[in-house]
Amino acid sequence: PDGSFWYVGQGRSGDQSLTKSNLGLVNASDSGRPIHFFRRPAIGSPRAKGNPYQYVGQVSLGAPQYSERMAPGMDRRERMVIVFKLMPSRETSLT
């Protein structure tokens, strides 16, 4: 294992595309801007009051930066999703 984390791009139903936040990740990586990773609690687990997200640290996109896969959407229909490979910096652990 290389310590990477697979992140499914923005968009909960219908095919995803490289626009908005998805394109923003690629552009940030290509231009050398930092990408900060936040983790939310698993669906169904207890959440803290206020901001439930936890800052994990800085990441970069791996190689390849992303792949396209079929997966069900919120409506349970199959759709194309973009899956980004996030690689931790030396100071960050994604596990």
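Residues numbered from 1 in each chain as written. Predicted model: local features only at pLDDT ≥ 70, side-chain atom pairs only at ≥ 80, totals over all residues. Heavy atoms only, no water.

Novice: Go over the packing of aromatic side chains, please, and point to the residues and values.
Specialist: Counted by the stated rule, this structure contains four aromatic pairs. Put simply, the rings of Y7, Y66 and F84 touch in pairs and so form one group of aromatic residues. Above the plane of the ring of W6 lies R69, whose end atom (NZ or CZ) is 5.1 Å from the centre. (Phe/Tyr/Trp six-rings, centres within 6.5 Å; stacked < 30°, edge-to-face > 60°. Lys NZ or Arg CZ within 6 Å of the ring centre and 35° of its normal.)

Novice: Just give me the short version of a nonpolar patch on the surface, but keep the residues and values in it.
Specialist: A surface patch of nonpolar side chains, about 340 Å² in accessible area, is lined by F38, Y53 and Y55. Within the element layout of this structure, Y55 appears in strand β3 (residues 54-72). You can call Y55 partly exposed: its relative accessible area is 42%. (Patch = residues over 30% accessible without salt bridge, like charges linked within 9 Å, V, L, I, M, F, W, Y side chains within 5 Å. Areas by Shrake-Rupley, 256 points an atom, 1.4 Å probe, with all protein chains shown as cover. Salt bridge = Lys/Arg side-chain N within 4 Å of Asp/Glu carboxyl O. Helix = DSSP H or I, 4+ residues; strand = E, 2+ residues; numbered from the N terminus. Buried < 20%, exposed > 50% of the residue type's maximum accessible area, 1.4 Å probe, protein only.)

Novice: Please provide a residue-by-residue account of the environment of G57, values included.
Specialist: With respect to the helices, strands and loops of the structure, G57 is situated in strand β3. You can call G57 buried: its relative accessible area is 5%. The spatial distance from the C-alpha of G57 to the C-alpha of V83 is 19 Å, given a sequence separation of 26 residues. In this structure G57 touches I35, H36, F37 and T92, once residues within four positions along its chain are discounted. (Contact = heavy atoms within 4.5 Å.)

Novice: So what's going on with helix α1 (residues 20-31)? Which residues, and what values?
Specialist: With twelve residues, α1 should cover 16 Å at 1.5 Å per step; its first-to-last C-alpha distance of 16 Å lies within 8% of that length. Elements in contact with the buried residues of α1: β1 (5-8), β2 (35-39), β3 and β4 (78-88). Once α1 ends, the next one or two residues include G32, with phi positive near 80°. (Expected span 1.5 Å × (residues − 1).)

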